[in-house]
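# Residue-level structure breakdown
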Amino acid sequence: MADAPVLRLDGVSKSFGGLDVIRNLSFEVARGQRTALIGPNGAGKSTVFNLVSGVYPVTAGRIRVNGQDITDVPSRLRMSRGVSRSFQNIRLVPHLSVLENVLIGQTPRISRLAEVLYPVRLVRNSHWKREAMGALERAGLAELAGSQVDDLPYGVQKQIEVARALLGGADVLLLDEPAAGLNPEETEELRERLRNIADQGTTLVVVEHDMQFVGALCEHVVVLDFGEKIAEGTPAEVRREPRVIEAYLGSDAE
Ligand SMILES: Nc1ncnc2c1ncn2[C@@H]1O[C@H](COP(=O)(O)OP(=O)(O)OP(=O)(O)O)[C@@H](O)[C@H]1O
Ligand SMILES: [Mg+2]
């Protein structure tokens, strides 16, 4: 389905115990559309990513990727359906190398478990290793492949996470606060990199608090508050919405 939206949520709800965290949420992301998901702390942004990537099952509603219903597809198979993501908090293994960390990110796609468990230096020039090196090269991180992750600055670790999430050749890449904790220079660099990634055909959905970053990168914004969509449009449009202004003034997010 070439003209189906890359991502589509229809009436998605999620409750934890009695707490309604996402309420009847619907939105679409067109192919190539750089989209931001914003909202005050606790609005439900990370939960949306957890539902789309299958970390949690939905309580109600349907999720489609490229027109295919993936609502009941197990998390480990969603990468092969075109969904990839990074996490809000860095999820790298500190004492492993950069290359090993990128390879570990591929475990859902690798059926031969042995290939994952071998120390990387013993893995022959496997398909996976070549692919991982290719991703690091595209990210400009190739010379760090053998470095231990915890020896590297935080900004570089965030870049490794993006490189790893990209590796599966996903159609839609979900990035949860990729710029958090970066200095202005690193933020600018990341924005450039994400723009390139999008230009090469990956559809980006970014959760981000930095509205300047959102305005500079994204053309489509979905605003959540208490698990509900309160606005949708271009960055300029949503900034003018009274409900958005109210939501942000009533919180400590800005
Ligand atoms: N596994 C869980 N069990 C119970 N409640 C949860 C769980 N995950 C999230 N929540 C609750 O859901 C709400 C939304 O959380 P979520 O992490 O999605 O917000 P967020 O918009 O990503 O916030 P932030 O900007 O702080 O990252 C919060 O009230 C949170 O406490
Ligand atoms: Mg979050």
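Above: the structure in question.
The present account deals with the structure reproduced in this document. (Residues numbered from 1 in each chain as written. Chains lettered and ligands numbered in written order. Predicted model: local features only at pLDDT ≥ 70, side-chain atom pairs only at ≥ 80, totals over all residues. Heavy atoms only, no water.)

## Observations concerning the site of ligand 1
- In the neighbourhood of ligand 1, 13 residues make up the surrounding shell, with Gly42, Gly44, Lys45, Thr47 and Gln88 lying closest.
- For ligand 1, an oxygen atom lies 2.6 Å from a polar atom in the side chain of Thr47.
- The fraction of the free accessible surface of ligand 1 (630 Å²) that becomes covered by protein chains is 65%.
- Ranked by residue count, the leading element in the shell around ligand 1 is helix α1 (residues 45-52), at three residues.
- In the shell around ligand 1, the residues fall into four nonpolar, seven polar and two charged. (Near = heavy atom within 4 Å. Polar contact = N/O pair within 3.5 Å; in protein donor to acceptor, adjacent residues only side chain to side chain. Areas by Shrake-Rupley, 256 points an atom, 1.4 Å probe, with all protein chains shown as cover. Helix = DSSP H or I, 4+ residues; strand = E, 2+ residues; numbered from the N terminus. Nonpolar A, V, L, I, M, F, W, Y, C, P; charged D, E, K, R; others polar.)

## Some details on helix α6 (residues 154-166)
- Between its first and last C-alpha atoms α6 spans 19 Å; for 13 residues at 1.5 Å apiece the expected length is 18 Å, and the two agree.
- Considered for burial, the residues of α6 that qualify are Gly155, Val156, Gln157, Lys158, Gln159, Ile160, Glu161, Val162, Ala163, Arg164 and Ala165.
- Buried residues along α6 sit in contact with β6 (83-85), α3 (98-104), α5 (127-138), β7 (172-176) and α7 (184-199). (Expected span 1.5 Å × (residues − 1). Buried < 20%, exposed > 50% of the residue type's maximum accessible area, 1.4 Å probe, protein only. Contact = heavy atoms within 4.5 Å.)

## So, the packing of α6 against α7
- The interhelical angle for the contact between α6 and α7, taken along N-to-C directions, is 10 degrees, at an axis separation of 11 Å. Here α7 runs roughly parallel to α6, going by the angle between their axes. Here Gly155, Gln159, Val162 and Leu166 of α6 lie close against α7, whose contacting residues are Glu186, Glu189, Leu190, Arg193, Leu194 and Ile197.
- When its residues are assigned to classes, the contact of α6 with α7 shows five nonpolar, two polar and three charged. (Axes fitted to C-alpha atoms, helices over the stretch in contact; angles between N-to-C directions. Parallel < 35°, antiparallel > 145°, perpendicular 65-115°, else oblique.)

## What to know about the layout of surface pockets
- The volume enclosed by the second largest pocket comes to roughly 270 Å³.
- As for the second largest pocket, its lining consists of Arg138, Ala139, Val162, Ala163, Leu166, Gly169, Ala170, Arg193, Asn196, Ile197, Gln200 and Thr202.
- Counting residues per element, the ones that place at least two in the lining of the second largest pocket are α6 and α7.
- Its residues assigned to classes, the lining of the second largest pocket comprises six nonpolar, four polar and two charged.
- Shared between two domains, the lining of the second largest pocket holds at least three residues of each, these being domain 1 (1-82 + 171-254) and domain 2 (93-168). (1 Å grid on protein atoms, 1.4 Å probe; cavity = no way out; pocket = protein on both sides within 12 Å on 5 of 7 lines; lining within 4 Å. Points joined across faces, edges and corners; volume = space filled by probe spheres on them. Domains from an automatic or database assignment.)

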